[in-house]
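Descriptive analysis of the structure
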Amino acid sequence: MQPFGTLKGFGVTFKHIFKQPITQQYPEYKRPVYPRFRGRHRLHKHANGLEKCVGCSLCAAACPSDCIRVVAAENTPEHRVSAGERYARIYEINLSRCIFCGYCELACPFDAITLGNEFELSEYSRDDLIYTKDMLLAEPIKRIPVQDADLYDTPIPAYKSSS
Amino acid sequence: MSWLVVGSGSSGEPWWISLIKAVIVINLVLFGFAYLTLIERKVMGRMQLRYGPNRVGPFGTLQPIADLVKLIRKESFFPAAAIDVLYILGPFLAAFTAMTTFSVIPWGPGWTIGGYEVTGYVADVPIALLLIFAIGSLGIYGFIIGGWASDSKFALLGSMRTCAQLVSYEVSLALSVLGVVIMAKSLSLVDIVAAQGADIWYVIPQIVGFGIFILAGTAETARAPFDLPEAEQELVAGYHTEYGGMRFGLYSMSEYINLITLSGLAVTLFLGGWHGPWLPGPVWFVIKLAVILFVFIWMRTTLPRLRYDQLMRFGWKVLLPLATVNAVVTAILVVWI
């Protein structure tokens, strides 16, 4: 049966010419990421405009690749940045080292840092990959499509709210 | 030495027409090579449910030019232990011999343009078929020299395999053509095409020879499933492992032009050359050429690579006896009928 098997193979390859390719054309079509996908970090603010981060450096301590740098300073009544006693004067994440493990998110006692969905983080220079506090606090410019949360998010209700 | 004179003396064609035709044909062949790479990638992509290259230009049509610019702009690096003269000579030899052979393949009936008679071939050599095989054998030196001179174990193994495979399959290739030569009673490709125009396409009486020719030709041009000389998974890239930039480009070019020449030879010997109804000769030639090239691409997508012992067994124990029997039977039938 060897020659017939080979001929059948030729038939299969020929048939596939007329099928629609399954390639997802990336820059035009962005595949929706899952709701709990770990992308670039974001720093958050309270509703009253104060930063949630109090400069405790627990994220920097938790970071396995040592890519977070926090320099704290005291809040004063004239210059109040965060809700706590201190605030992060410098908050930098070196995204060329970050492994997107999410430990900083877990370590943070105030939910000040979370991992967002943005994954297009290419730059022409390594220096541009060091994200400063202003960049992390700003609303992300790029819109990343996210999969339907009801379909793809965790089935555990307690986790759903924090994802 | 009269058989060596390039350009048909009988047609009374001035030498400069031959020159112009040679320039046109060589550029068309190079253009064909460039777009064959694109078409191959496209067709293979579609067969594997991919798109193939579609970024450079509309539908990726400028991809070969982008590839060429990339290859030319690359550094021509040089292994420290390589033998310099031979290392540089290898790709040139391969490319030169590949481009030479297309000159004897006829692609049209000939026309009268502005009072001059223009023939449909660059050179009508009475022993065109022998010339093609001889130059093809010389082309193997390009691969062997390149692989040996680059002083790398992968390149050396690759060129050894190339050498063994090409020498083995050349025998079957030449013998498979013998049936056609006996039937046309000529070694000139122009005469063979003319005989097919008067008679029938030799693919019908010589179907066995055609099959052997295509299979041995696949091995001869080192394409899948006979691509052992450059088996990526075991030999990195075979004889051109140490080559980069346009030197690698020349090797790649010579491989593809060899494929085009071989397909042209298959069209000329078995499929009636440029003969065909309604359309002009060169169009028919290109259509048949495209069909044969598609078969080669199709085969590459479908079949997995052979093992080395399978390759040698297939060449010596299957193809060679078949080709011999085919030639002998053809000779007997031609003499008796």
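Preceding this paragraph is the structure being described.
Right, let's walk through the structure included here. (Residues numbered from 1 in each chain as written. Chains lettered and ligands numbered in written order. Predicted model: local features only at pLDDT ≥ 70, side-chain atom pairs only at ≥ 80, totals over all residues.)

1. Observations concerning the overall build of chain B
Counting secondary structure elements, chain B contains 11 helices and 2 strands. Counted from the first residue to the last, chain B has its helices and strands arranged as α-α-α-β-β-α-α-α-α-α-α-α-α. Since a compact globule built from 337 residues should have a radius of gyration of about 20 Å, the 20 Å found for chain B is in line with a globular shape. Sorting the 337 residues of chain B into buried and exposed places 45% on the buried side. (Helix = DSSP H or I, 4+ residues; strand = E, 2+ residues; numbered from the N terminus. Rg over C-alpha atoms; globule rule 2.2 N^0.38 Å. Buried ≥ 20, exposed ≤ 12 C-beta atoms within 10 Å, placed from the backbone.)

2. Here's the deal with the nonpolar core
Ranked by size, the top nonpolar core spans 81 residues in total, and within it Val104 and Ala266 of chain B carry the most contacts. Considering every element that reaches this core, the biggest residue donor is helix α9 (residues 245–270) of chain B, with 13 residues. Here Val104 of chain B is in contact with Tyr121, Ala123, Val125, Ala128, Leu131, Ile132 and Leu189 of chain B, once residues within four sequence places are set aside. Residues Leu43, Val81, Cys108 and Tyr131 of chain A belong to the second largest nonpolar core, which totals 19 residues. (Core = buried A, V, L, I, M, F, W, Y, C linked by C-beta atoms within 7 Å. Contact = placed C-beta atoms within 7 Å.)

3. Topic: the pairing of strand β3 (residues 86–94) of chain A
In this sheet, β3 of chain A lies alongside strand β2 (residues 68–74) of chain A in antiparallel orientation, the contact comprising 7 bridges. Paired with Val70 of chain A across the bridge in β3 of chain A is Tyr91 of chain A. (Pairing = 2+ DSSP bridges.)

4. Overview of the sheet that holds β3 of chain A
Pairing in this open sheet of 3 strands is antiparallel, and the strands run β2-β3-β5 (chain A) from one edge to the other. With partners counted over all chains shown, the strands left at the sheet margins are β2 and β5 (130–131) of chain A, one partner each.

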